[in-house]
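# Structural overview for review
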Amino acid sequence: MRRLFMEPIGIFILAMLCQVYSCASNVSDSVERIQYASVAGEEYLQGDKLDTNLDDKVYFDFDKSTLDAEDKNLLEQYLPAIKKAKIVRLEGHCDERGTREYNLALGERRALEVRDFLVVKGVSGKKIRVVSFGEEKPLKSASNEKAWAENRRVEISLY
Amino acid sequence: MIRFFLLSIMLVSNSIFSILEIEILKGSDNLSKIAFVPFGIEDGVEEDYGEQISQNIEKNMLLFGEFENLDKNEMLSYPSSEDDFFYRDWKVLGVDYSVIGRVNSVNALGNLNISYSLFNINRRIKILEGEIVGGEDNIEDISKIISNRIYEQITGLRGIFDTKLAYVINSDVDTYQICISDIDGKNEQILFTSKSPIMSPDWSPDRKKIAYVSFENGLAEIFIQDLKSGDRDSIQALGMTNSAPVWSPDGKSLALVVSFSGNPDIFLYSISNKRLIRLTNHYGIDTEPSWSPDSKKIIFTSDRSGSPQLYEINTKSKRKKRLTRDGNYNARGRYFPDGKSIFFVHGNDGNFQIAIKKLSSRYIETLTSTSLDESPTISPNGNIIIYATKDGSNGYLGGITLDGKARFSLPVKNGSVREPAWSPLIN
């Protein structure tokens, strides 16, 4: 029987990803105050959400997590802002079709695909936070191709 | 004769009305007709009890569309003992079974002695009789026990009227609640309310705890909540995503999914020593584990072949076997209580439906006809599947009986209901 012990990479990424997010009550139109807290509750830091004039979403095909040329193009435009940001938050989502837990994993895949692209382009992996909400937070609640296409997304936010 | 003393273990309910209510859409293919005769009462017993008990039993037995009843007004007689019971009175009305009974007072403390009999009209024999002693406050529970006995006698399957359902309610954009209720939707309790999504409820085998996934801290985290105290514990697996908890049949561990660095795999988590043991190790997505009834195997979803398919792994030898090959989406498998078949979500031409498959055969049988069906859960007697589906933007629960193909739905009065989880039997 192999016992799990956290591989070094696991510990490294864990430390990064222990940061969790919760909205503070103080929200204005352009600047959203957010609070980071570690899961263990040891560490708190605050940051302002940075505004860019770019679309903050990349979209995916059903049951796929690959980036197409259009997505990569958008991310390229984002790069200067991303490089300036302290924290890059990538939130993966799916449409409602298929099973919830599988979609949770698929949403994570999608966010990681964006992270990997950014890292290849020279963004430090240390400042990237990845979270998946699977199919739990759709943008559109309708059940049609258009709504599904909008819901299969990774949202990028910079802090 | 069966004698039964009921302890009064009533759960305190947080809400007074039930959110779910079962509506029969289509009865079984071969409905048996049952006459539920109002129970007789002894002098001194409150008059309503006789009728209340027979009505409760009737409601229970008709719950899933498996039987039809004889209208009380059509009955030719209202016998409450075997001496007054004449088979021809029921045969002429096309009745297959009759239930009669009597409520007697035991003492001034409100204890009742309820005797009941079940007759098979076609065979002209009494097939069941029993007696229960319990308090006036427990009429509903007593009725459930009698209903279970009658159901068992007629169908040969375990009665499930005292089982419960856990589910997630999403009442508006950012209100998520995990709830439990009796299987008929009554006595709903809200276990936890959050502004962030809640997923994947699963009952401990002793029905005392529920494990689920909550995003309240910003990432998918697994909690175990004690139903009596309400205490919640995060299991602190500390992956990037921690999800899909399912209790082992002995209640000592959970199978669950942890994605440490973006690669979800199946792990076993020991509840006593909080240790994780890795079960799968593949760069693809491995998720949605569930135990075989004998605890030897775990079924799971993996996209290692390029699309989500079901596999099973032996927890000791770690030997894996692919279970589904037809179609490009077969996910969230669960074993039947006999361990010989599985049920799961089957994608077919863009529709996602509930399907079953014998492990010994390749043939997949689709049970449902709506297009966004998911999260199937099976009754402990293996005869009824409840699943989540959607109508417009509202999620509701659907149900189907496997022997008679009766169909029913459990609409929610407010918001969307999803992820039903059927409790085990109490033993």
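In this text the structure is predicted, and so the values were computed from the model without any measurement. (Residues numbered from 1 in each chain as written. Chains lettered and ligands numbered in written order. Predicted model: local features only at pLDDT ≥ 70, side-chain atom pairs only at ≥ 80, totals over all residues.)

## Some words on the overall build of chain B
Scanning chain B from terminus to terminus reveals three helices and 31 strands. The principal-axis extents of the C-alpha atoms in chain B amount to approximately 70 × 45 × 45 Å. Looking at chain B as a whole, 47% of its 427 residues are labelled buried. Once local pairs closer than 6 in sequence are excluded, the contacts in chain B between residues at least 24 apart make up 46%. (Helix = DSSP H or I, 4+ residues; strand = E, 2+ residues; numbered from the N terminus. Buried ≥ 20, exposed ≤ 12 C-beta atoms within 10 Å, placed from the backbone. Contact = placed C-beta atoms within 7 Å.)

## Some details on the interface of chain A and chain B
For interface size, the figure often reported is the accessible area lost on association. Across the boundary between the two partners, chain A contributes 38 residues, which contact 40 residues of chain B. Of all elements in the fold, only helix H1 (8-17), strand E1 (19-27), helix H3 (100-120) and strand E6 (128-134) of chain A reach the threshold of two or more residues within the side of chain A that touches chain B. Among the elements that line the side of chain A that touches chain B, the one with the most residues is H3 of chain A, at nine residues. Tallied by class, the residues present in the side of chain A that touches chain B amount to 20 nonpolar, seven polar and 11 charged. (Nonpolar A, V, L, I, M, F, W, Y, C, P; charged D, E, K, R; others polar.)

## So, the sheet that holds strand E8 (residues 164-172) of chain B
Remark on secondary structure: sheet strands pair via backbone hydrogen bonds, oriented parallel or antiparallel. All names here are of chain B. Pairing within the open sheet is antiparallel, and its four strands lie in the order E10-E9-E8-E31. Both outer strands of the open sheet, strand E10 (189-194) and strand E31 (416-422), are each paired with one neighbouring strand and no more. The mean angle between the axes of side-by-side strands here comes to 20 degrees, regardless of whether they run parallel or antiparallel. By the bridge criterion, five bridges tie strand E9 (residues 175-182) to E10 in an arrangement that is antiparallel. Counted as the bridge partner of Cys179 is Ile190 from E10. (Pairing = 2+ DSSP bridges. Axes fitted to C-alpha atoms, helices over the stretch in contact; angles between N-to-C directions.)

## So, the confidence of the model for chain A
Taken as a whole, chain A shows an average pLDDT of 76; of its residues, 69% reach a score of 70 or greater. A low-confidence stretch, residues 1-46 of chain A (pLDDT under 50), is modelled with 66 contacts involving residues beyond four sequence positions or located in other chains. (pLDDT = per-residue confidence, 0-100.)

## Concerning the pairing of strand E6 (residues 111-120) of chain B
Residues and elements named next belong to chain B. For strand E5 (residues 97-105) and E6, the ladder comprises nine bridges, and the chain directions are antiparallel. What sits directly across from Gly101, in E6, is Tyr116. Between E5 and E6, which pair antiparallel in sequence order, lie five residues; one of them, Gly110, sits at a positive phi of approximately 90 degrees. Here E6 pairs with strand E7 (residues 125-135) via 10 bridges, running antiparallel. Within E7, the residue paired with Ser117 across the bridge is Glu129.

## Thoughts on the packing of helix H2 (residues 69-84) of chain A against H3 of chain A
Residues and elements named next belong to chain A. Running from N to C, H2 and H3 cross one another at 60 degrees; their axes reach a closest spacing of 11 Å. Comparing their axes, H3 and H2 come out oblique. Taken as a pair, H2 and H3 cross one another with a handedness that is right-handed. Mapping the contact onto sequence places Lys72, Leu75 and Ile82 in H2 and Val114, Phe117 and Leu118 in H3. (Parallel < 35°, antiparallel > 145°, perpendicular 65-115°, else oblique. Left-handed = near helix turned anticlockwise from the far one by under 90°.)

## Here we look at the pairing of strand E23 (residues 329-335) of chain B
Residues and elements named next belong to chain B. Of all seven residues in E23, seven are buried, a share of seventy percent or more. Relative to strand E24 (residues 341-348), E23 is paired through five bridges, and the arrangement is antiparallel. Paired with Tyr335 across the strands is Ile342, a residue of E24.

## Some thoughts on helix H1 (residues 48-62) of chain B
All names here are of chain B. The terminal C-alpha atoms of H1, which comprises 15 residues, lie 21 Å apart, in line with the 21 Å expected from a rise of 1.5 Å per residue. When we look at burial in H1, the residues that qualify are Gly50, Ile53, Ser54, Asn56, Ile57, Glu58, Asn60 and Met61. Residues of H1 that are buried in the fold lie against strand E2 (32-36), strand E3 (40-41), strand E4 (67-69), E5, E6 and helix H3 (139-155). (Expected span 1.5 Å × (residues − 1).)

## Points about unusual backbone geometry
Residues and elements named next belong to chain B. For Asn187, which is not a glycine, the phi torsion comes out positive at approximately 55 degrees. With respect to the helices, strands and loops of the structure, Asn187 is situated in the loop between E9 and E10. Within the chain, Ser200 stands out as a residue other than glycine whose phi angle is a positive 55 degrees. Here Ser200 lies in strand E11 (residues 198-203). Exposure remark for Ser200: the 26 C-beta atoms within 10 Å place this residue in the buried category.

## Considerations on the domain arrangement of chain B
Residue and element names in this part refer to chain B. Here the domain parsing of chain B yields domain 1 (31-155) and domain 2 (164-422). Here the C-alpha centre of domain 2 lies 37 Å away from the C-alpha centre of domain 1. The interface is formed by four residues belonging to domain 1 together with eight residues belonging to domain 2. Grouping the constituent residues of the side of domain 1 that touches domain 2 by class yields two nonpolar, one polar and one charged. (Domains from an automatic or database assignment.)

## Describing the environment of Ser124 of chain A
All names here are of chain A. By secondary structure assignment, the location of Ser124 is in the loop between H3 and E6. Overall, the presence of 11 C-beta atoms within 10 Å leaves Ser124 in the exposed class. In this structure, the C-alpha to C-alpha distance between Ser124 and Ile82, residues 42 residues apart in sequence, is 9.7 Å.

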